[in-house]
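Structural description and commentary
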Amino acid sequence: MFAARAPSRLTRLCSLQCRRRLATAASDKVRIIEVGPRDGLQNEKKSIPLATKVELTERLAHTGVPVIEAASFVAPKWVPQMASSAEVMEHVLRQPPPSPVPVLYQFLCPNQKGMDNFFKVLDSAPLTPPPSPSSTSSKQDKPEVELSIFTAATESFTRKNTNCSMAESLERFKPIFSTAKARNIGVRAYISVALGCPYEGPNVDPHAVANLAVTLLEMGANEISVADTTGMGTVPRTKKLLETLSQAGVRAEDIALHFHDTYAQALPNTIVGLEHGVRSYDTAVGGLGGCPYSPGATGNVATEDMVHMLHSLGLDTGVDMQRMAEIGEWINAELGKANESRAGKAFLAQRKAAGKA
Ligand SMILES: CC(C)(COP(=O)([O-])OP(=O)([O-])OC[C@H]1O[C@@H](n2cnc3c(N)ncnc32)[C@H](O)[C@@H]1OP(=O)([O-])[O-])[C@@H](O)C(=O)NCCC(=O)NCCSC(=O)C[C@@](C)(O)CC(=O)[O-]
């Protein structure tokens with residue numbers, strides 16, 4: 001997919017000016033990638049029932065959010081909470097297309113084994129039955145699915161997270177890209193610790209992030225999720241990182257931003273992203289989340305907080321705030337946790353006061 005747009009690093013650099021204009025073109029649509037079911041739940045210590053995971057994904061599919069990262073095919077020995085991911089995916093594939101918009105479901109995958117497990121589920125899932133008996137078609141496609149791979153901008157984090165070097169992580173991706181391409185499955189790529197590493201500190205080299213982003217795009221990634229895993233990102237360093245990415249030929253539309261809200265900088269940093277032309281943001285309902293390999297880091301920026309801010313700026317996410325706020329309240333109660341979304345809590349309190357809850 002990316003190859004068609006920009007086959008080589010040189011071509012990418014040559015058309016930089018044109019792509020910059022594209023990136024900064026005014027657009028009132030912002031794409032929310034809801035990562036709560038994966039990033040949000042993976043670090044929970046208490047085993048979460050499969051039924052709760054399935055209900056979370058199913059309810060999210062009816063909020064208007066266009067992308068949901070539903071689960072991950074990683075080693076259960078390292079992330080036991082994701083051990084039921086095959087069952088979650090089986091359920092997703094059995095679902096009739098959600099309303100109001102079709103959802104793209106993403107599944108995190110670190111290596112060939114994860115990819116093989118993903119395809120095992122995909123290939124064994126029956127086609128979804130047609131929506132009504134009057135339908136003329138006898139079969140219906142499965143929901144659209146995609147793989148998300150992940151590496152990091154520092155050697156220490158890559159080693160802790162995936163037990164390999166940065167270069168080895170890229171090697172692991174080669175069979176994933178080639179198989180996914182042959183099977184017409186999209187691949188998204190995360191770059192963790194782009195704005196701060198728990199082991200190497202806040203000053204991660206933006207050029208390391210940019211080089212990695214260019215390499216991953218050239219390998220075939222259709223989007224780079226630039227992740228502030230630790231939440232150490234600040235407005236000046238986010239600005240610098242986005243400028244460095246742009247100078248390396250990475251377009252604003254090639255990236256999504258993934259902010260953890262540890263220091264309450266996710267929304268200020270989002271404003272920087274918006275000014276730069278980035279229109280895709282990863283969020284987790286109710287502010288769920290945390291990475292098992294980033295001690296002390298809190299959850300992703302809450303979807304409700306992001307949606308509230310974007311709507312206040314006149315931007316369109318397509319997300320139903322009421323449904324999202326209710327899910328944030330529900331899932332945190334299920335997990336026995338406080339709801340981390342300030343906007344979600346305020347929205348529900350106001351509805352209750354107005355007698356509309
Ligand atoms: C990367 C590996 C797999 C390497 O794991 P390893 O231990 O180096 O690999 P290995 O090849 O030696 O295998 C060890 C065992 O795991 C099995 N195994 C190997 N691969 C798989 C697989 N895919 N699925 C299931 N099982 C697998 C393998 O078969 C073997 O089983 P055993 O022989 O011991 O029974 C491992 O280190 C791992 O799974 N780590 C977990 C990484 C993880 O999930 N981190 C959290 C997600 S990333 C994140 O949260 C950041 C992000 C994306 O949100 C963005 C951000 O905010 O930064």
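Right, let's walk through the structure included here. Small disclaimer: the values here were computed from a predicted structure and weren't measured. (Residues numbered from 1 in each chain as written. Predicted model: local features only at pLDDT ≥ 70, side-chain atom pairs only at ≥ 80, totals over all residues. Heavy atoms only, no water.)

Focus on the side chain of Thr 303
For Thr 303, the position within the fold is in helix H13 (residues 303-312). Residues contacting Thr 303, with those up to four places away along its chain left out, are Ile 32, Glu 34, Thr 283, Ala 284, Val 285 and Met 324. (Helix = DSSP H or I, 4+ residues; strand = E, 2+ residues; numbered from the N terminus. Contact = heavy atoms within 4.5 Å.)

Quick notes on the site of the ligand
Of all residues adjacent to the ligand, which total 29 residues, the nearest are Gln 42, Asn 161, Asn 163, Ser 192 and Thr 229. Lys 113 places a side-chain nitrogen or oxygen 2.9 Å from an oxygen atom of the ligand. Interatomic distance of 2.5 Å between a side-chain N/O atom of Thr 229 and an oxygen atom of the ligand. Relative to its unbound accessible area of 1100 Å², the ligand is 76% covered by the protein chains. Among the elements of the structure, helix H4 (36-40), helix H7 (112-124), helix H8 (155-162) and strand E5 (186-192) are those that each provide at least two residues to the shell around the ligand. Per-element tally for the shell around the ligand: the top contributor is H7, with 3 residues. (Near = heavy atom within 4 Å. Polar contact = N/O pair within 3.5 Å; in protein donor to acceptor, adjacent residues only side chain to side chain. Areas by Shrake-Rupley, 256 points an atom, 1.4 Å probe, with all protein chains shown as cover.)

Examining the sheet that holds strand E8 (residues 280-283)
Taken together, the 8 strands give a closed barrel; going around it, the order is E1-E2-E3-E4-E5-E6-E7-E8, and neighbouring strands pair in parallel fashion. Taking the axes of each pair of neighbouring strands and ignoring which way they run, one obtains an average angle of 25° across the sheet. Alignment of strand E1 (residues 31-34) against strand E2 (residues 67-72), held across 2 bridges, turns out to be parallel. Across the sheet, Ile 33 pairs through a bridge with Val 67, a residue of E2. Each of E2, strand E3 (104-108) and strand E4 (145-152) touches helix H6 (residues 85-94); the most contacted strand, E2, lies at about 145° to it. Most of the contacts of helix H10 (residues 206-219) go to E5, to which it runs at about 170°, and overall it touches E4, E5 and strand E6 (223-228). (Pairing = 2+ DSSP bridges. Axes fitted to C-alpha atoms, helices over the stretch in contact; angles between N-to-C directions.)

Some remarks on helix H14 (residues 321-335)
In a regular helix each residue adds 1.5 Å, so 15 residues correspond to 21 Å; H14 covers 21 Å between its end C-alpha atoms and thus fits that length. Every buried residue of H14 is accounted for by Met 321, Gln 322, Met 324, Ala 325, Ile 327, Gly 328, Trp 330, Ile 331, Asn 332 and Leu 335. Lining the buried residues of H14 we find E1, helix H5 (50-60), H13 and helix H15 (342-353). Two to three positions downstream of the cap, the backbone nitrogen of Gln 322 sits 3.0 Å from a side-chain oxygen, assigning the N-cap of H14 to Asp 320. The positive-phi residue at the C-terminal boundary of H14 is Gly 336, with phi of around 70°. (Expected span 1.5 Å × (residues − 1). Buried < 20%, exposed > 50% of the residue type's maximum accessible area, 1.4 Å probe, protein only.)

Let's talk about the pairing of E5
Counting buried residues in E5 gives 6 out of 7 residues, a clear majority hidden from the surface. One ladder, built from 4 bridges, connects E5 with E6; its direction is parallel. Residue pairing for E6: Ile 191 is matched across the bridge by Val 226. With H10 bridging E5 and its parallel neighbour E6, the resulting β-α-β unit is right-handed. (Right-handed = clockwise from strand over helix to strand, strands pointing away.)

What about the packing of aromatic side chains?
This structure, assessed with the given rule, holds 5 aromatic pairs. Aromatic side chains Phe 73 and Phe 107 sit 6.0 Å apart centroid to centroid with 45° between the ring planes, which places their arrangement in the tilted category. In this pair, Phe 73 is assigned in the loop between E2 and H6 and Phe 107 in strand E3, connecting sequence segments 34 residues apart. The exposure classification of Phe 73 matches that of Phe 107, with both residues buried. Their ring planes at 55° and their centres at 5.9 Å tell us that Phe 107 and Phe 118 sit as a pair that is tilted. (Phe/Tyr/Trp six-rings, centres within 6.5 Å; stacked < 30°, edge-to-face > 60°.)

Let's talk about the environment of His 308
Along the chain, the position of His 308 falls in helix H13. Of the residues examined, His 308 reaches a relative accessible area of 49% and is grouped as partly exposed. A sequence separation of 43 residues divides His 308 from Gln 265, and the C-alpha atoms of the two residues are 16 Å apart. Beyond its immediate chain neighbours, meaning those up to four positions away, His 308 contacts Met 321 and Ala 343.

Topic: the environment of Pro 236
Relative to the elements of secondary structure, Pro 236 occurs in helix H11 (residues 235-247). On a C-alpha basis, the gap between Pro 236 and Glu 223 in space is 24 Å, while along the polypeptide they are 13 residues apart.

What about H11?
Taking 1.5 Å of rise per residue, the 13 residues of H11 would be expected to cover 18 Å, and the 18 Å separating its terminal C-alpha atoms lies within 8% of that figure. Along H11, the residues classified as buried are Thr 238, Leu 241, Leu 242, Thr 244, Leu 245 and Ser 246. Two residues or fewer past H11, Gly 249 is found with a positive phi of approximately 95°.

Brief notes about the pattern of salt bridges
In this structure the tally under the stated criterion is 14 salt bridges. Glu 69 serves as the salt-bridge partner of Arg 38, at 2.7 Å between the closest nitrogen and oxygen. Of this pair, Arg 38 sits in helix H4 while Glu 69 sits in strand E2; the two residues are 31 residues apart in sequence, bridging distant segments of the chain. Given the relative accessible area of 5%, Arg 38 is considered buried. A relative accessible area of 0% means that Glu 69 is categorised as buried. Asp 282 is the partner of Arg 188 in a salt bridge, and the nearest nitrogen-oxygen pair spans 2.7 Å. Placement of Arg 188 in strand E5 and of Asp 282 in strand E8 is noted, with a sequence separation of 94 residues between them. Exposure class is identical for Arg 188 and Asp 282. Each is buried. A cluster of three or more residues bridged by salt bridges with shared partners is formed by Arg 31, Arg 188, Glu 223 and Asp 282. (Salt bridge = Lys/Arg side-chain N within 4 Å of Asp/Glu carboxyl O.)

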